[in-house]
Amino acid sequence: QQQVKQSPQSLIVQKGGIPIINCAYENTAFDYFPWYQQFPGKGPALLIAIRPDVSEKKEGRFTISFNKSAKQFSLHIMDSQPGDSATYFCAASSGNQFYFGTGTSLTVIP
Amino acid sequence: NAGVTQTPKFQVLKTGQSMTLQCAQDMNHNSMYWYRQDPGMGLRLIYYSASEGTTDKGEVPNGYNVSRLNKREFSLRLESAAPSQTSVYFCASSWTSGLVGGETQYFGPGTRLLVL
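Q: Could you clarify how one ought to interpret the overall build of chain A in this entry?
A: Scanning chain A from terminus to terminus reveals 0 helices and 11 strands. For chain A, the N- to C-terminal ordering of α and β elements is β-β-β-β-β-β-β-β-β-β-β. Compactness check: chain A gives a C-alpha radius of gyration of 13 Å against a globular reference of 13 Å for 110 residues, within 12% of the reference. Here the C-alpha coordinates of chain A stretch approximately 40 × 30 × 20 Å along the principal axes. Within chain A, buried positions represent 45% of all 110 residues. If you take every contact in chain A between residues at least 6 apart in sequence, the share linking residues at least 24 apart comes to 53%. Of the roughly 5,200 Å² of accessible surface on chain A, 49% is carried by carbon and sulfur atoms.

So this is what it looks like as structure tokens:
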């Protein structure tokens, strides 16, 4: 079964909007939660990551919100730009075992 | 630094043929990984190597073998390719697990494999 559930599958926002992508997990042994950004024809690249001992992490326009009790975490993209159009993957890991969500295709309309 | 490199970029195989996907990293990372990416499935871990000389199964290891040739290189072998192995394969590397920031994985550009 899917270890990490991601939604929505696709998202379209206007420039300047704040897309939000959500992920949920079950395994409480997970201790590292990264988000990856992938452009067509390229490999995924780390965007931002969080550990479960903090509830929020911000890097530039990207923010992770983490709810340990609900076993959910989300990515917020502030002031979204057309260049943010890509596929975003959440992931969860314990040791060397990484589990990825199914991805969200984001389109930012100029 | 080239980062993580993969060869070939694209390959077409017939059912039953074998091939080896090559991966190399120049970041002196200890851990290396092989993933496959399929539409609607995200990335799934096939095998990983936590350090030189060790390999372990991931989520979907059946039909694959790996070799950690040295610290830099980690290859993935399909002994008898099947159409279900049509996918995009990504190699990744990381410094190590257990250290803050050490889990960051750096991905290669991918190998697109079509099995007919």
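Next comes the rest of the description.
Q: Just to check I follow, could you spell out the packing of aromatic side chains for this structure?
A: For any two aromatic rings, the description comes down to two numbers: the centre-to-centre distance and the angle of the planes. Counting across every chain of the model gives 20 aromatic pairs over all chains. Relative to B:Tyr35, the ring of A:Phe100 has its centre 5.3 Å away and its plane inclined at 85°; by these criteria the two rings are edge-to-face. With one member in each of two chains, A:Phe100 in strand S10 (residues 97-100) and B:Tyr35 in strand S4 (residues 31-38) form a pair that bridges those chains. Accessibility expressed as a relative area gives 2% for A:Phe100, which makes it buried. Given a relative accessible area of 0%, B:Tyr35 falls into the buried group. Taken together, the ring pairs in this structure connect A:Tyr32, A:Tyr36, A:Phe98, A:Phe100, B:Tyr33, B:Tyr35, B:Tyr48, B:Phe90 and B:Phe107 into an aromatic cluster.

Q: Teacher, can you tell me more about the pattern of salt bridges here?
A: Any two side chains of opposite charge can pair, given that their charged atoms come close. Residues and elements named next belong to chain B. Using the criterion set out here, one finds 6 salt bridges over all chains in the structure. With its nearest N and O atoms 3.1 Å apart, the salt bridge here joins Arg-77 to Glu-79. Among the residues examined, Glu-79 registers a relative accessible area of 44% and is labelled partly exposed. Here the salt bridges share partners, and the residues they tie into one network are Arg-36, Asp-38 and Arg-44.

Q: What is the right way to read the pairing of strand S3 (residues 20-25) of chain A from this model?
A: A regular strand carries its side chains on alternate faces of the sheet. Residues and elements named next belong to chain A. Every second residue of S3 is oriented toward a common face, the buried set being Ile-21, Cys-23 and Tyr-25 and the non-buried set Ile-20, Asn-22 and Ala-24. Sheet analysis places strand S1 (residues 4-7) next to S3, joined by 4 bridges and oriented antiparallel. Its bridge partner lying in S3, Gln-6 is registered against Cys-23. With 5 bridges connecting them, S3 and strand S8 (residues 72-77) associate as antiparallel partners. Each residue of the ladder has a partner; that of Ala-24, found in S8, is Gln-72.

Q: Looking at this structure, how should I read the sheet that holds strand S7 (residues 65-68) of chain B?
A: To summarise the sheet geometry, strands pair through backbone hydrogen bonds and adopt either a parallel or an antiparallel arrangement. Residues and elements named next belong to chain B. One open sheet accounts for 4 strands, arranged S1-S3-S8-S7; its pairing is antiparallel. Only two strands of the sheet have a single neighbouring strand rather than two, namely strand S1 (4-7) and S7. In this sheet, adjacent strand axes meet at a mean angle of 15° when their direction is disregarded. Here S1 pairs with strand S3 (residues 19-25) via 4 bridges, running antiparallel. What sits directly across from Val-4, in S3, is Gln-25.

The rules we used
Residues numbered from 1 in each chain as written. Chains lettered and ligands numbered in written order. Predicted model: local features only at pLDDT ≥ 70, side-chain atom pairs only at ≥ 80, totals over all residues. Heavy atoms only, no water. Helix = DSSP H or I, 4+ residues; strand = E, 2+ residues; numbered from the N terminus. Rg over C-alpha atoms; globule rule 2.2 N^0.38 Å. Buried < 20%, exposed > 50% of the residue type's maximum accessible area, 1.4 Å probe, protein only. Contact = heavy atoms within 4.5 Å. Areas by Shrake-Rupley, 256 points an atom, 1.4 Å probe, with all protein chains shown as cover. Phe/Tyr/Trp six-rings, centres within 6.5 Å; stacked < 30°, edge-to-face > 60°. Salt bridge = Lys/Arg side-chain N within 4 Å of Asp/Glu carboxyl O. Pairing = 2+ DSSP bridges. Axes fitted to C-alpha atoms, helices over the stretch in contact; angles between N-to-C directions.

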